[in-house]
Amino acid sequence: FNKISNFIEENKMWLFDYALFMSIKDSYGGKSFFKWDEDIRRHEPAAVSKYAKLYKEEINFYQFLQYEFWIQWQELKEYANKQGIEIIGDIPIYVALDSADVWANPSLFQLDESGNPLAVAGCPPDAFSADGGLIVFGMTSAVSGAVFSAIYAVKHVSVGDKNEEIKAVLTT
């Protein structure tokens, strides 16, 4: 229990909003947050508090899933590294419009007054999607949502025989 609590505390900058988003999305049958009731769609504090109480168990479940994923990912990465395999992460350039990132942090994205995207990106037709499509949109600072967490956290990376700290700084 302490490990899960520590994980939740260490990731509180994003984890609660993600778990709440997923819980509410489930309650709406998977519908986009643009189709939710106005108060929660706009992430109003009173609505967030209300839904957090209403879906406490579901929030705990989604936080637990993220914890389990993290543990399994660390074990897989450690195993691969011991086999001489390095795993390189990929940072997306765009974030999905119907995401916890956009819902909880709309000021970071290119949205109009109604919350609709001002800038979109898409993909051309390929083997995965015959029609292609507009599927994602950009942040105001032109960096990805994955980097968003770097605003708040110092990441540790291994460079050769040294461990160095790197801090990501975002400018608009």
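Keep in mind that this is a model prediction, so the values were computed, not measured.

A. Up close: the packing of helix H2 (residues 15–27) against helix H5 (residues 56–82). Interhelical geometry of H2 versus H5 gives an angle of 125 degrees and a closest axis separation of 8 Å. As summarised for this structure, H2 and H5 are arranged oblique, according to the angle between their axes. The handedness of the crossing between H2 and H5 comes out as right-handed. The segment H2 lies against H5, with Leu15, Phe16, Tyr18, Ala19, Leu20, Met22, Ser23 and Asp26 engaging Glu58, Ile59, Tyr62, Gln63 and Gln66. Taken together, the residues of the contact of H2 with H5 break down into eight nonpolar, three polar and two charged.

B. Just the side chain of Lys25, in detail. You can see Lys25 is positioned in helix H2. The buried category is assigned to Lys25, whose relative accessible area is 14%. Of note is the side chain of Lys25, whose polar atom sits 3.3 Å from the backbone oxygen of Lys31. What Lys25 contacts, discounting residues up to four positions off in sequence, is Gly30, Lys31, Ser32, Trp36 and Asp98.

C. Structural detail: the packing of aromatic side chains. Using the criterion set out here, one finds twelve aromatic pairs in the structure. Summarising the aromatic geometry, the rings of Phe21 and Trp36 are spaced 5.4 Å apart at their centres and angled 45 degrees between planes, so their arrangement reads as tilted. Within this pair, whereas Phe21 is found in helix H2, its partner Trp36 is found in the loop between H2 and helix H3 (38–41), the two being separated by 15 residues in sequence. For the pair Phe21 and Trp36, one class covers both residues: buried. With centroids separated by 5.7 Å and ring planes inclined at 20 degrees, the aromatic side chains of Tyr28 and Trp36 adopt a geometry described as stacked. Like Trp36, Tyr28 is buried. Ring pairing ties together the aromatic residues Phe21, Tyr28, Phe33, Phe34, Trp36 and Trp103, which thus form one cluster.

Conventions and cut-offs
Residues numbered from 1 in each chain as written. Predicted model: local features only at pLDDT ≥ 70, side-chain atom pairs only at ≥ 80, totals over all residues. Heavy atoms only, no water. Axes fitted to C-alpha atoms, helices over the stretch in contact; angles between N-to-C directions. Helix = DSSP H or I, 4+ residues; strand = E, 2+ residues; numbered from the N terminus. Parallel < 35°, antiparallel > 145°, perpendicular 65-115°, else oblique. Left-handed = near helix turned anticlockwise from the far one by under 90°. Contact = heavy atoms within 4.5 Å. Nonpolar A, V, L, I, M, F, W, Y, C, P; charged D, E, K, R; others polar. Buried < 20%, exposed > 50% of the residue type's maximum accessible area, 1.4 Å probe, protein only. Polar contact = N/O pair within 3.5 Å; in protein donor to acceptor, adjacent residues only side chain to side chain. Phe/Tyr/Trp six-rings, centres within 6.5 Å; stacked < 30°, edge-to-face > 60°.

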